[in-house]
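Per-entry structural report
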Amino acid sequence: MNLYLTLTSPYGRIARIVRIQKKLEKLISLEVVKTRLKNSPYYNINPSGRVPAMSLKDGSIIEDSRLICWYMDHLDENPSLHPNSKDICLEHMRLESTARSMLDGTSLIWREIKYRSISERSMKIMEHEYKRAYRLADLFEKEINNPILSGELNMAQIILTCVLHGPQNEYINFDWQEGRPNLQKWLKNIESLQWAEETQPKL
Ligand SMILES: N[C@@H](CCC(=O)N[C@@H](CS)C(=O)NCC(=O)O)C(=O)O
C-alpha cells in the first residue's frame, strides 16, 4: 500500500503521524507527489489531485485524511486513536471536528498567501479565516485540560498538533501563542515528542 502526500500538507502530516503511531512504515510506503500541476501524473492515481490519498491492496484509492486515518488505525483491529466507547465518542469527535475546522481555515490562508500574488489575494476571506482561527484558539485555550486533549494520544490531539505546531503559522503570521498560556504549555509537551518533530511540514 502507498500513502501519497506532499511534505507541506497538514492533512498529509496527520496521515504521516498515524502511520508512525500505528507502526505501519513497512506495510505502507510513503510517496511524495506534486499537486497543482497541469497534467500531473498523480491525476492518473488520484483524479481529484488532492493529498493525502492511499492505494489499498485491491488497487482502490481512498482519499481524505479522516478516512485514511480511520483505515490505518483499524488495520490491526485494535484502534487506539479513535474513540472506542459510545460515552466519549461525541466528545472526542466534537474536539476533533473543531480542530479540523481551525485547520481548514488556516490552510485556506496558507493557500491564499502561497499561490496568489498580493493583488490577487482576497483580504476579506483571509480576515474572516484569521478571526475564526483566533476564536477557535480561544476555545482550545479554555478546553485544553479536557481529558480527551490531555490523555492518551488520539485523533483530536493529532489534528490540534497539526494546526498549532510547525513553521506554517509563522509563514501566515498566525500568532496564536499571544495570551494563550495553557495552549502554549500543551504544545510544549507535544513538540518534544519525536513524531511531532519528525513530521514538521517542509515549507
Ligand atoms: N479534507 C481533506 C483536505 C485535503 C486537502 O485539501 N489537501 C490539499 C493539500 S493541503 C491538496 O491536496 N491540494 C491540492 C489541490 O487542491 O489540487 C483531507 O482531510 O484530506
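1. Digging into the nonpolar core
One finds Tyr 4, Ile 14, Val 18, Ala 99, Ile 158, Ile 159 and Val 163 to be the most contacted residues of the largest nonpolar core, which totals 42 residues. Taken together, the elements giving at least two residues each to this core come down to β1 (2-5), α1 (10-21), β3 (53-55), α3 (65-74), α4 (86-115), α5 (123-143), α7 (155-164) and α9 (181-191). The element that contributes the greatest number of residues to this core is α7, accounting for 8 residues. Of the residues that make up this core, three or more belong to each of domain 1 (2-74) and domain 2 (86-198). Those residues in contact with Ala 99, other than ones at most four positions away along the chain, are Ala 156, Ile 159, Leu 160 and Val 163.

2. Considering the pairing of strand β2 (residues 29-32)
As judged from the 4 bridges shared by β1 and β2, these two strands associate in the parallel manner. Paired with Asn 2 across the bridge in β2 is Ser 29. Taken together, β1, α1 and β2 form a β-α-β motif whose crossover is right-handed.

3. A few points about the site of the ligand
As a structural note, the neighbourhood of the ligand is formed by Ser 9, Tyr 11, Thr 35, Arg 36, Gly 49, Arg 50, Val 51, Pro 52, Asp 64, Ser 65, Arg 66 and Ser 107. A class-by-class count of the residues in the shell around the ligand yields 3 nonpolar, 5 polar and 4 charged.

4. A short note on unusual backbone geometry
In this structure, the amide linkage connecting Val 51 to the following residue, Pro 52, adopts the cis form with an omega of 0°. Within the secondary structure layout, Pro 52 lies in the loop between α2 (42-45) and β3. Even without a glycine there, the phi angle at Asn 173 is positive, about 60°. Within the secondary structure, Asn 173 sits in the loop between α8 (168-171) and α9.

5. Considerations on α3
For α3, the set of buried residues is Ser 65, Ile 68, Cys 69 and Met 72. Within α3, the buried residues cover an arc of 95° as seen down the axis, which keeps them to one side. Those residues of α3 hidden inside the fold are in contact with α1, β3, β4 (61-63) and α7.

6. Topic: the sheet that holds β1
The strand order across the open sheet formed by 4 strands is β2-β1-β3-β4, and the pairing between neighbours is mixed. Of all the strands in the sheet, just β2 and β4 have a single pairing partner and so form its edges. Each neighbouring strand pair of the sheet contributes to a mean axis angle of 25°, computed without reference to strand direction. Pairing of β3 with β4, which is carried by 3 bridges, proceeds in the antiparallel orientation. Within β4, the residue paired with Ser 55 across the bridge is Ile 61.

7. Description of the domain arrangement of the chain
For the chain, the domain assignment lists domain 1 (2-74) and domain 2 (86-198). In this structure, domain 1 and domain 2 have C-alpha centres spaced 21 Å apart. When its residues are assigned to classes, the side of domain 1 that touches domain 2 shows 6 nonpolar, 1 polar and 1 charged.

8. Focus on the environment of Ile 17
Note on placement: Ile 17 falls in helix α1. A tally of 24 C-beta atoms within 10 Å means that Ile 17 is categorised as buried. Taking C-alpha positions, Ile 17 is 20 Å from Arg 94, a pair spaced 77 residues apart along the chain. Not counting residues up to four positions away in its chain, the partners in contact with Ile 17 are Ile 158, Trp 195 and Thr 199.

Rules used throughout
Residues numbered from 1 in each chain as written. Predicted model: local features only at pLDDT ≥ 70, side-chain atom pairs only at ≥ 80, totals over all residues. Core = buried A, V, L, I, M, F, W, Y, C linked by C-beta atoms within 7 Å. Buried ≥ 20, exposed ≤ 12 C-beta atoms within 10 Å, placed from the backbone. Helix = DSSP H or I, 4+ residues; strand = E, 2+ residues; numbered from the N terminus. Domains from an automatic or database assignment. Contact = placed C-beta atoms within 7 Å. Pairing = 2+ DSSP bridges. Right-handed = clockwise from strand over helix to strand, strands pointing away. Near = placed C-beta within 6 Å. Nonpolar A, V, L, I, M, F, W, Y, C, P; charged D, E, K, R; others polar. Arc of directions from axis to C-beta. Axes fitted to C-alpha atoms, helices over the stretch in contact; angles between N-to-C directions.

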